[in-house]
Amino acid sequence: MIINSHSDSRKYYFVSMDTDCRLTMQAASLKDKVQFQFRFFLVYSLLPSSQETTRSPGTHSDPCNAGSYVQFYDGKDLYSEPLGLPLCGKTIPRPVLSTGNYLTLRLVTRGQQPRVDFVGDFTSFRIGKSEPYFSCHNGKCIPSSLVCDEQNIDNCGDGSDQATGPPANCVSVSMDRRGGDQGKE
Ligand SMILES: [Ca+2]
């Protein structure tokens, strides 16, 4: 499943100030975990918060300089354990993996002139082989519906679910068809 930060992603930045929104994804079954992989990432603010480093108690260092950020949580709400540091900047972060059944993405815009634009996909997976699942080269297992999908999403993280060779044996369609355009064949 692909998500965009907003509907005009890749055309205009999302610039609303003081946004705090979240999206929680549940894995396909109880035994599964959730991975999120960014495909495009741009999250920052041109100017830090006007209240000159108002340090919220408990946070000593802020890697995003009081600017906008994305934070993942290892569960179904913001009371769950945060996964990693707040993410910001222009470099695509590493894939984020839940340890349980849920993964929550939170987007916060702070400061002045926030610039937010990202695209990514959630994948439900499990470690270890079980029947209706496809075994990636890297040891993950993903639902077989994600193998050779039309949008050419790398759900495994190593490309093996979209490979033309075994075990996926995808029929090679246009390799660069991405981003959910359901065009004509
Ligand atoms: Ca796929």
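Every chain's residues receive numbers from 1 upward, in the order its sequence appears when written. Totals for whole chains, interfaces and linings use all residues, but because this is a predicted model, local features are given only for residues with pLDDT of at least 70 and pairs of side-chain atoms are given and counted only at 80 or more.

### Section: the confidence of the model for the chain
Phase 1: Predictor confidence is given residue by residue as pLDDT, running from a minimum of 0 to a maximum of 100. Per-chain confidence: the chain averages 84 in pLDDT, with 83% of residues scoring 70 or above.
Phase 2: Contact between two residues is assigned whenever their backbone-derived C-beta positions fall within 7 Å. Taken as a whole, residues 177-185 scores under 50 in pLDDT and shows five contacts with residues more than four places along the chain or in a different chain.

### Description of the pairing of strand β3 (residues 33-47)
Phase 1: Two strands qualify as a pair provided DSSP detects at least 2 bridges between them. The helix count covers DSSP runs of H or I at least four residues long, the strand count covers runs of E at least two residues long, and both are numbered beginning at the N terminus. In this sheet, strand β8 (residues 112-127) lies alongside β3 in antiparallel orientation, the contact comprising 13 bridges. Across the sheet, Phe38 pairs through a bridge with Gly120, a residue of β8.

### Structural notes on the pairing of strand β7 (residues 102-108)
Phase 1: Judged by how many residues are buried, β7 sits mostly within the fold: five of seven residues are covered.
Phase 2: Alignment of strand β2 (residues 20-26) against β7, held across seven bridges, turns out to be antiparallel. Bridging from a neighbouring strand, Cys21 pairs with Leu107 of β7.
Phase 3: Across five bridges, strand β4 (residues 69-73) lies against β7 in antiparallel orientation. Paired with Tyr73 across the bridge in β7 is Thr104. With C-beta atoms placed from the backbone, a residue is buried if 20 or more other C-beta atoms are within 10 Å of its own, exposed if 12 or fewer are, and partly exposed between those counts.

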